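Fold and geometry: a report
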Amino acid sequence: MESLDRFVTEHGGAFYNAAFYGPIIFFALIELVAPRRALTWPLGARWLANIGLGALDFFVGRWATVIVGVGAAEAMGALGHGLLNVLGVPALLAFVLAFLVLDLTQYAIHRILHTAPWLWRCHRLHHADPDVDFTTSRRHHPLELVVTLPVYTLVIVLLGAPDSAVLIHGAVSAAAATFNHANLAVPPWLDRALRLVLVTPDMHRIHHSARQPETDSNYANLFSWWDRIFGSYRATPEGGHDRMRLGLDGFHSRADLGIVRLLGNPFLAPASMPAPNTR
C-alpha cells in the first residue's frame, strides 16, 4: 500500500485525468461504430450543451470533489481520526472497505436526489437529456455539487478513508459513468455477465426512461449489486429498449438545450415535469 500511496501522491492528477478523458474518447469512437439506439436529436445541439455543462462539471465540480475529498482523507490520516484509523484497520482492508462505502454513498445520494422535490430539481437536468450517450454522463447542474459534496466529504471524514481510496474511487467512478451512459451495443451474453457486478449501459439506460417507475430504478453507478440489495433493480424496460422513451416530458424543445435555460432548469416550474416518486 505504500507504493500505491506514493503513486497517488506523485501521479494522482494525471491518473484522474486519464480515467476521465480516456473513456470519453474511447466510447465516443465506439458509439459511432456500434450504437445501441438511433439518436433522435442532432448531435451538434446536444453535444454543445452537454459538453459545455461537462466542462463546468469537471473543472468546478469533479476536481472540487477530488481535491476536497482527498484533502479531507489526508487530514484524517495525519490526525489518526475516523473509524478506520481509530480501529487500526490494515491498509489494504481499509482501502477495500473505503472504496465500497464510498460507492454505496454514491448510490444512496443518487437515490435521495430522486426523493425530495427540491433535490430532484437539482438533479433533473441530468434526466432531461432527450437522448442518452457518453455526453449525458457529464450533464449535471452545479447545484448538485452543493448538495452532494458535503455529504460525500462527511462520509470520508467519519470513515477515515485512505486518500488513495478516495482518489481511485473518484477516477473509477468517472470512467464507469462514461461507460454506463454510452450508447453502446453490448452483446446480450456479455451484458448479462457484466451486470452481475457492474452497471452496464443497458441497465443504466432504464434509469433515463421517461416512464417514472423506471426512472426510479437502477441508481448505482459502478457496482450493480447495490440496486439488487436495496430493491431498486430493474432488468428490462416495459416494451423493450428500442421502444423506451428517454428524457423528461416537458423538456423536449430546442430551447431546452440552450446553456442559459439548462442552468436555470432547477428554477423552472415543477409542473413542467412529472413529480418524483416519493414512495
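Residue numbers run consecutively from 1 along every chain, following the written order of its sequence. Only residues with pLDDT of at least 70 are given local features in this predicted model, and only at 80 or more are side-chain atom pairs given and counted; all residues enter the totals for whole chains, interfaces and linings. To obtain the side-chain values, all non-hydrogen atoms of the structure were included, while hydrogens and water were left out.

1. Things to note about the overall build of the protein chain
Strands are runs of DSSP state E lasting at least two residues, helices are runs of H or I lasting at least four, and both sets are numbered from the N terminus onward. Helices and strands together make up the secondary structure of the protein chain, namely 12 helices and 0 strands. Across the protein chain, helices and strands are ordered from the amino to the carboxyl terminus as α-α-α-α-α-α-α-α-α-α-α-α. Working definition: with a 1.4 Å probe on protein chains only, accessible area under 20% of the residue-type maximum means buried, over 50% means exposed, and in between means partly exposed. Looking at the protein chain as a whole, 49% of its 279 residues are labelled buried. Each accessible area is a Shrake-Rupley result for a 1.4 Å probe, and residues are judged covered by the shown protein chains and nothing else. Approximately 12500 Å² of the protein chain is accessible, and the part contributed by carbon and sulfur atoms is 72%.

2. What about the nonpolar core?
Within this scheme, the nonpolar core is defined by two criteria: the residues are buried Ala, Val, Leu, Ile, Met, Phe, Trp, Tyr or Cys, and they are joined through side-chain atoms within 4.5 Å. Counting residues in hydrophobic clusters, the biggest one holds 35 residues, and the most contacted among them are Y16, A98, F99, I156, A161 and V166. If you tally residues by element for this core, the top one is helix α7 (residues 163-181), at 7 residues. Leave out the neighbours within four places in its chain, and F99 touches A165, I168, H169, V172, L222 and F223. F27, F179, L184 and V186 belong to the second-largest nonpolar core, a separate cluster that totals 5 residues. Throughout, a residue-residue contact means that at least one pair of heavy atoms, one from each residue, lies within 4.5 Å.

3. Here's the deal with the packing of aromatic side chains
Between rings of Phe, Tyr and Trp, where Trp is taken as its six-membered ring, a pair exists when centres lie within 6.5 Å; planes separated by under 30 degrees are stacked, by over 60 edge-to-face, and by other angles tilted. One pass over the structure, following the stated rule, counts 10 aromatic pairs. The interplanar angle of 85° and the centroid separation of 6.1 Å between the aromatic rings of Y107 and Y219 together place this pair among those described as edge-to-face. Within this pair, whereas Y107 is found in helix α4 (residues 91-113), its partner Y219 is found in the loop between α10 (212-215) and α11 (225-229), the two being separated by 112 residues in sequence. On the accessibility criterion, Y219 (6% relative accessible area) is buried. For the ring pair W225 and W226, a centre distance of 6.0 Å and an interplane angle of 80° mean the geometry is edge-to-face. Using a relative accessible area of 10% as the deciding quantity, one classes W226 as buried. Just above the ring of Y233 sits the side chain of R228; from NZ or CZ to the centre is 4.2 Å. We call a charge positioned above a ring when the Lys NZ or Arg CZ atom is no farther than 6 Å from the ring centre and deviates by at most 35 degrees from the ring normal.

4. As for the pattern of salt bridges
Salt bridges are defined by distance alone: a side-chain nitrogen of Lys or Arg within 4 Å of a carboxyl oxygen of Asp or Glu. For the coordinates displayed, the defined rule picks out 9 salt bridges. Measuring nitrogen to oxygen at the nearest pair gives 2.9 Å for the salt bridge that ties D191 to R195. With a gap of 4 residues between them, D191 and R195 both fall in helix α8 (residues 188-195), about one helical turn apart. The two residues D191 and R195 agree in class, both being buried. For D249, the salt bridge goes to R245, with nearest N and O atoms at 2.9 Å.

5. Overview of the environment of N85
In this fold, N85 is placed in helix α3 (residues 83-87). A relative accessible area of 30% places N85 in the partly exposed class. Taking the C-alpha atoms as reference points, N85 and L158, 73 residues apart in sequence, are found 9.9 Å from one another. Those residues in contact with N85 that sit more than four places away from it in its chain are M76, G77, G80 and G160. Polar contact is defined as a pair of N or O atoms within 3.5 Å, subject to the rule that within protein one atom must be able to donate a hydrogen and the other to accept it, and that residues adjacent in sequence are counted only when both atoms are side-chain atoms. A distance of 2.5 Å separates a polar atom in the side chain of N85 from the backbone oxygen of H81.

6. Digging into the environment of H204
Topologically, H204 is positioned in helix α9 (residues 201-205). Between the C-alpha atom of H204 and that of N221, which follows or precedes it by 17 residues, the distance is 8.0 Å. When residues no more than four places from it in sequence are discounted, the contact partners of H204 are H110, N180, H181, V199, N218 and A220. One polar contact links H204 to H181, side chain to side chain, over a distance of 3.1 Å.

7. Let's talk about the packing of α4 against helix α5 (residues 117-127)
Between N-to-C directions, angles cover 0 to 180 degrees, with each direction set by a line fitted to C-alpha atoms, over the stretch in contact for helices. Put simply, α4 and α5 touch, their axes get as near as 8 Å, and they point 100° apart. Classified by the angle between their axes, α4 and α5 sit roughly perpendicular to one another. Counted together, H110, I112 and L113 of α4 and L119, W120, H123 and H127 of α5 form the full contact between these two elements. If an angle is under 35 degrees, it is roughly parallel; if it is over 145, roughly antiparallel; if it lies from 65 to 115, roughly perpendicular; otherwise it is oblique.

8. What about the packing of α4 against helix α6 (residues 142-159)?
Between α4 and α6, whose axes approach to 11 Å, the crossing angle comes to 150°. Here α4 lies roughly antiparallel to α6, going by the angle between them. Classified by chirality, the crossing of α6 by α4 is right-handed. Where α4 abuts α6, its residues A98, V101, L102, T105, Q106, I109 and L113 lie against E144, V147, T148, V151, Y152, V155, I156 and L159. Tallied by class, the residues present in the contact of α4 with α6 amount to 11 nonpolar, 3 polar and 1 charged. A crossing counts as left-handed when the near helix is turned anticlockwise from the far one by less than a right angle, and as right-handed when that turn is clockwise. Residue polarity is assigned by list, with Asp, Glu, Lys and Arg as charged and Ala, Val, Leu, Ile, Met, Phe, Trp, Tyr, Cys and Pro as nonpolar; anything else, Gly included, falls into the polar class.

Structural measurements only, silent on function.
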